[in-house]
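Survey of secondary and tertiary structure
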Amino acid sequence: MKENPNTFDVIVVGGGPSGMMAAGFAAKRGLKVLLLEKNARLGDKLMATGGGRCNITNAEEDRETLLRNYGEAKDFLYSAFAQFGVKETIHFFEDHDLPLKIEDKKRVFPKSGRATDVFQVLEKFMNKGGVVVKSDQRVLKILTNENKIIGVLVGKEKFYADSLILATGGLSRPELGASGEGFRWLESLGHKVKKPSPDIVPLAVSENWAKELSGISLPLMKITFFVNGLKKFSKKGSLLFTHFGISGPLILNSAKLVKPLLKEGAVTAQIDTYPDKNIGELEKEIIKTFDENKNKTLKNILTEIVPNGLAKILKTLFSNFDIEKKVHSVTKIERREIVELLKALPVTVTGLMGFDRAVVSDGGLELTEIDMKTMRSKLHPNLYVTGDLLNITRPSGGFSLQLCWTTGAIAGKNVGNSN
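Residues numbered from 1 in each chain as written. Predicted model: local features only at pLDDT ≥ 70, side-chain atom pairs only at ≥ 80, totals over all residues. Heavy atoms only, no water.

Points about the environment of Asp 276
Position of Asp 276 relative to the elements: it lies in the loop between strand S16 (267–272) and helix H11 (279–292). Given the relative accessible area of 58%, Asp 276 is considered exposed. For Asp 276 and Leu 389, which are 113 residues apart along the polypeptide, the C-alpha to C-alpha distance reads 39 Å. Residues within four places of Asp 276 in sequence aside, it is in contact with Leu 220, Lys 236 and Glu 281. (Helix = DSSP H or I, 4+ residues; strand = E, 2+ residues; numbered from the N terminus. Buried < 20%, exposed > 50% of the residue type's maximum accessible area, 1.4 Å probe, protein only. Contact = heavy atoms within 4.5 Å.)

Printed below as a string of structure tokens:
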């Protein structure tokens, strides 16, 4: 009897990092695998990660420390990361001829600095196993028969499989294809899904001076957030000014904590541009610079006393401050104002940016409804779920992609076993 060309052992829906990883590992076991991607090409989100450099993982060797970055999901992830964690991820890419490098905060990147090289590793991995890839194919419906998943409907065409892996991702970056259909399918199959919201996301601020600095990145800043003038929390890291406000790892990793503060009252923040110096130390340093440049104008030495790119905002923040005057004419009060400003640049947070700016959105399938040792649904024995469809929060810094590699590899290695 002639085999139906539309019948497979496994169908993977979603051609992002977890989907490609799952498809590759399933095919490596000899399974006939179909990967369906609604975009014109695979890996659009992967190509955009880390500013196109692709922060593959975080090289934290201690599993306990690593898993604390996943919040309340930590206790669910021990078995998964014991099977395929950071060590296995690094070995996987290096074994596939992709040299890696570790940068600050243990972030791991390809040595080439190109996300396309990461994608090519996954593409070759799938090709070697014979994965059938169909792009520009939007799944309209999951097909079931007597509560068992039997396949998917794409346009007017049906594809059948013994097992289905959902790897459609969350709602962040809709311009790259995120639309949340995976959440709707899970709900239609009887699963509980926590409503997603932007999580790792930039902040909008009202100050024009911050927007005037758009494109300027500062490597080590400290930001302290306040509600109605009361201090709430502080964080350190790199910061990026944008045309709408502030971003960068420091802000992205603060957004989840800022979100509930916006419901309490007026949220303001202070940016400390010299977090490793107290106000007295900074003032002594500036006095020394002033003494060495007494006859120069203040404007001409600003670059020596403020972080790169920030000199022009002094005039904006102090409209009555004469930066054309000679340094020896700067009063003690004016000098102190400069010091205090550099230790506490004021911004007013008006809100979080939306899904279109989010690196990651939270929410997703409740982890109590999935076997985290296999990524298999507890409601449907031939359904597997990976990546951003799972209700797991995490900061930026390689933790999101590591979650994709871990859940994708485990799903691929277990799909079809004892369905």
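Picking up after the structure, the text goes on.
Overview of the sheet that holds strand S3 (residues 57–58)
Spatially, three strands are ordered S3-S5-S4 in an open sheet, and the strand pairing comes out antiparallel. Each having just a single partner strand, S3 and strand S4 (100–102) make up the two edges of the open sheet. Strand direction decides the pairing type here: S4 and strand S5 (residues 107–110), joined by three bridges, are antiparallel. Each bridged residue has a counterpart across the sheet, and for Leu 100 the counterpart in S5 is Pro 110. (Pairing = 2+ DSSP bridges.)

Re the packing of aromatic side chains
One pass over the structure, following the stated rule, counts 10 aromatic pairs. Pairing Phe 25 with Phe 92 gives two aromatic rings, centres 5.9 Å apart and planes at 40°, and the pair type is tilted. With Phe 25 in helix H1 (residues 17–28) and Phe 92 in helix H5 (residues 86–95), the pair connects residues that are 67 residues apart, well separated along the chain. Take Phe 25 and Phe 92: they sit in the same class, and that class is buried. Here Phe 92 and Phe 125 contribute two aromatic rings whose centre-to-centre distance is 5.0 Å and whose plane-to-plane angle is 80°, an arrangement assigned as edge-to-face. On the criterion of sequence distance, the pair formed by Phe 92 in helix H5 and Phe 125 in helix H6 (residues 115–129) is long-range, its members being 33 residues apart. (Phe/Tyr/Trp six-rings, centres within 6.5 Å; stacked < 30°, edge-to-face > 60°.)

What to know about the sheet that holds strand S15 (residues 245–247)
Two pairing modes exist for strands in a sheet, parallel and antiparallel, and in both the strands are linked by backbone hydrogen bonds. Around the barrel, which closes on itself, the six strands sit in the order S12-S15-S14-S13-S16-S17 with antiparallel pairing between neighbours. The average angle at which neighbouring strand axes cross in this sheet is 45°, direction not considered. The pairing of strand S12 (residues 203–205) with strand S17 (residues 345–352) spans three bridges and is antiparallel. Bridging across to S17, Ala 204 finds its partner in Gly 351. (Axes fitted to C-alpha atoms, helices over the stretch in contact; angles between N-to-C directions.)

Things to note about helix H15 (residues 399–414)
With 16 residues, H15 ought to run about 22 Å at 1.5 Å a step, and its terminal C-alpha atoms sit 23 Å apart, in line with that. For H15, a buried count of 15 out of 16 residues is recorded, marking the element as mostly surrounded by other parts of the structure. Of the residues flanking the end of H15, it is Gly 416, one or two places downstream, whose phi is positive at about 90°. (Expected span 1.5 Å × (residues − 1).)

A closer look at unusual backbone geometry
Unusually for a residue other than glycine, Asp 97 sits at a positive phi of about 60°. On the secondary structure map, Asp 97 appears in the loop between H5 and S4. A positive phi angle, near 65°, is found at Lys 106, a position not held by glycine. Within the secondary structure, Lys 106 sits in the loop between S4 and S5.

Some details on the pairing of strand S14 (residues 230–241)
The pairing of strand S13 (residues 217–227) with S14 spans nine bridges and is antiparallel. Each bridged residue has a counterpart across the sheet, and for Phe 226 the counterpart in S14 is Lys 231. Linking two consecutive strands that pair antiparallel, namely S13 and S14, is a turn of two residues; a positive phi of about 50° is found at Asn 228 within it. Of the strand pairs in this sheet, S14 and S15 are connected by two bridges, and their pairing is antiparallel. Counted as the bridge partner of Leu 240 is Ser 247 from S15. Hairpin connection, S14 to S15: the antiparallel pair is bridged by three residues.

Quick notes on the packing of H11 against helix H12 (residues 298–305)
Where H11 meets H12, the axes come as close as 11 Å, and the angle between the chain directions of the two elements is 140°. When the axes of H11 and H12 are compared, the pair comes out oblique. Pair H11 / H12 crosses with right-handed handedness. Here Ile 286, Thr 289 and Phe 290 of H11 lie close against H12, whose contacting residues are Leu 298, Ile 301, Glu 304 and Ile 305. Here the residues of the contact of H11 with H12 are counted per class, giving five nonpolar, one polar and one charged. (Parallel < 35°, antiparallel > 145°, perpendicular 65-115°, else oblique. Left-handed = near helix turned anticlockwise from the far one by under 90°. Nonpolar A, V, L, I, M, F, W, Y, C, P; charged D, E, K, R; others polar.)

Let's talk about the pairing of strand S2 (residues 33–37)
Of all five residues in S2, five are buried; the element is thus mostly enclosed. Taking every second residue as pointing to the same face, both faces of S2 are buried, with Val 33, Leu 35 and Glu 37 on one and Leu 34 and Leu 36 on the other. Direction of pairing for strand S1 (residues 7–13) relative to S2: parallel, over a ladder of four bridges. Pairing of Val 13 across the sheet is with Leu 36, part of S2. For the handedness criterion, the β-α-β arrangement of S1, H1 and S2 is classed as right-handed. Judged from the four bridges that link them, S2 and strand S6 (residues 132–135) form a sheet pairing that is parallel. Its bridge partner being in S6, Leu 36 is matched across the sheet by Lys 134. (Right-handed = clockwise from strand over helix to strand, strands pointing away.)

Examining the environment of Thr 273
Take Thr 273: it is sitting in the loop between S16 and H11. Owing to a relative accessible area of 4%, Thr 273 belongs among the buried residues under this scheme. Separated by 43 residues in the primary sequence, Thr 273 and Leu 230 place their C-alpha atoms 21 Å from one another. What Thr 273 contacts, discounting residues up to four positions off in sequence, is Leu 220, Met 221, Pro 307, Leu 310, Leu 342 and Leu 345.

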